[in-house]
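The lines below spell out each chain.
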Amino acid sequence: MVTRSEGEGSRRRRAPDEKRNRILEAAQLLFSERGYAETSTAEIARQAGVSEGIVFHHFGNKQGLLGEVAAAFGRGASLAMFAGISPDQPPDAYGMIRRVFEYCRDHGLLHQMLVHARDPSDWNVAMQAHRRVIISSLTEAFTRWKASGHIHTDRPELAAPMLFGLVESALINCFGDRDGEDWEAYLEEAVRLIEGALYDTRPSIPRPIGAVRADSE
């Protein structure tokens, strides 16, 4: 049985988290609608139903809030990517990348929030927070799949950021530059390149001109 004091203590512990989540949701909404540079912390506080001081208490400053919004966006994309994926089964590259495309189609791009960012450090904070979350998830998955023999890579920690960069470039070009036009064509091409890198036999590494292969001697 929960006593009154215990129930009140539980509510007090939940309150800061609830406020923090409301601030994050408000910031993501306003950044998506108006852009990061054009949104003030006062407007975010009003949207979240809290004081501006609470925003600073939880996130330090506007840039700190941006980093948390970017990390939350990365977590959402990662959850979408790996939804229904078992670590014991071969990765479904098409399904994984399609879910990321659909997530960005439905939630917008972090890139679009930052188009008019005036300070390069704002851009860097957001993109690094976003990439760190997704690359960490990819590296962990690649490591498991390598150990089970499902993919060909000797260095999951290198393959993950490179493949992330490929998909990120496709997403920015598709949704950022072309407003989602032919997004399925971008998806199919990205998947084709990824599957070639992960599943096919490893390509030979180019040798310097004049190098002699041992098996030709």
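Can you break down the overall build of the protein residue by residue, with the values?
A tally of helices and strands in the protein yields nine helices and zero strands. From first element to last, N terminus to C terminus, the protein shows the α and β order α-α-α-α-α-α-α-α-α. The 217 residues of the protein split such that 38% are buried.

I'd love a proper account of helix α2 (residues 41-48), names of residues and values included.
Listed as buried for α2 are T41, I44, A45 and A48. Down the axis of α2, the sector holding all buried residues measures 100°, keeping them to one side. G49 lies just past α2 and shows a positive phi near 75°.

Which residues make up the pattern of salt bridges, and what are the values?
According to the stated counting rule, one finds 11 salt bridges in the structure shown. Salt-bridge contacts for E102 lead to R98; the nearest nitrogen and oxygen are separated by 3.1 Å. Of this pair, E102 and R98 both sit in helix α5 (residues 93-107), four residues apart, which is roughly one turn of that helix. Looking at E102, the relative accessible area reads 24%, which means it is partly exposed. What you see here is one network of salt bridges that share partners, running through R98, E102 and E184.

So what's going on with empty space enclosed by the protein? Residues and values would help.
Per the counting criterion, the structure on display carries one cavity of 30 Å³ or more. A volume near 290 Å³ is recorded for the largest cavity. Lining the largest cavity are 26 residues, and of these M81, V100, F164, V167 and E168 lie nearest its centre. Sorting the residues of the lining of the largest cavity by element identifies α4 (62-81), α5, α6 (110-113), α7 (120-147), α8 (156-177) and α9 (183-198) as the ones contributing at least two each. A total of six residues in the lining of the largest cavity trace back to one element, the largest contributor, which is α8. Partitioned by chemical class, the residues of the lining of the largest cavity number 23 nonpolar, two polar and one charged.

Can you tell me about the packing of α4 against α7, naming the residues and giving the values?
It is the contact of α4 with α7, at a shortest axis distance of 8 Å, that shows an interaxial angle of 30°. Taken together, the axes of α4 and α7 lie roughly parallel to each other. By crossing handedness, the relation of α4 to α7 is classed as right-handed. Taken together, the residues of α7 that come into contact with α4 (itself represented by Q63, L66, G67, A70, A71, F73, G74, R75, A77, S78 and M81) are S121, D122, V125, A126, A129, H130, V133, I134, S137 and L138. Within the contact of α4 with α7, the residues separate by chemical class into 12 nonpolar, seven polar and two charged.

Lay out the nonpolar core in plain terms, naming residues and giving numbers.
By size, the foremost hydrophobic cluster in this structure holds 59 residues, and its most contacted members are L65, F101 and F142. Beyond its immediate stretch of four places on either side in the chain, F142 contacts I151, P156, A159, A160, L163 and L198.

Lay out α8 in plain terms, naming residues and giving numbers.
Relative to the 32 Å expected for 22 residues at 1.5 Å per residue, α8 spans 30 Å between its end C-alpha atoms, a close match to the ideal helical length. Within α8 the residues assigned to the buried category are P156, A159, A160, L163, F164, V167, E168, A170, L171, C174 and F175. All buried residues of α8 project into a common sector of 165° when viewed along the axis, lining one side. Relative to its buried face, α8 has exposed residues pointing more than 90 degrees away, namely M162 and D177. The inward-facing, buried residues of α8 abut α5, α6, α7 and α9.

I'd like to hear about the packing of α8 against α9, residue by residue, with values.
Running from amino to carboxyl end, α8 crosses α9 at an angle of 170°, the nearest separation of the two axes being 10 Å. The angle between α8 and α9 places the two elements in the roughly antiparallel class. Within the contact between the two elements, α8 uses L163, L166, V167, A170, N173, C174 and F175 and α9 uses W183, Y186, A190, L193, I194, A197 and L198. Tallied by class, residues from the contact of α8 with α9 come to 13 nonpolar, one polar and no charged.

About the criteria used
Residues numbered from 1 in each chain as written. Predicted model: local features only at pLDDT ≥ 70, side-chain atom pairs only at ≥ 80, totals over all residues. Heavy atoms only, no water. Helix = DSSP H or I, 4+ residues; strand = E, 2+ residues; numbered from the N terminus. Buried < 20%, exposed > 50% of the residue type's maximum accessible area, 1.4 Å probe, protein only. Arc of directions from axis to C-beta. Salt bridge = Lys/Arg side-chain N within 4 Å of Asp/Glu carboxyl O. 1 Å grid on protein atoms, 1.4 Å probe; cavity = no way out; pocket = protein on both sides within 12 Å on 5 of 7 lines; lining within 4 Å. Points joined across faces, edges and corners; volume = space filled by probe spheres on them. Nonpolar A, V, L, I, M, F, W, Y, C, P; charged D, E, K, R; others polar. Axes fitted to C-alpha atoms, helices over the stretch in contact; angles between N-to-C directions. Parallel < 35°, antiparallel > 145°, perpendicular 65-115°, else oblique. Left-handed = near helix turned anticlockwise from the far one by under 90°. Contact = heavy atoms within 4.5 Å. Core = buried A, V, L, I, M, F, W, Y, C linked by side-chain atoms within 4.5 Å. Expected span 1.5 Å × (residues − 1).

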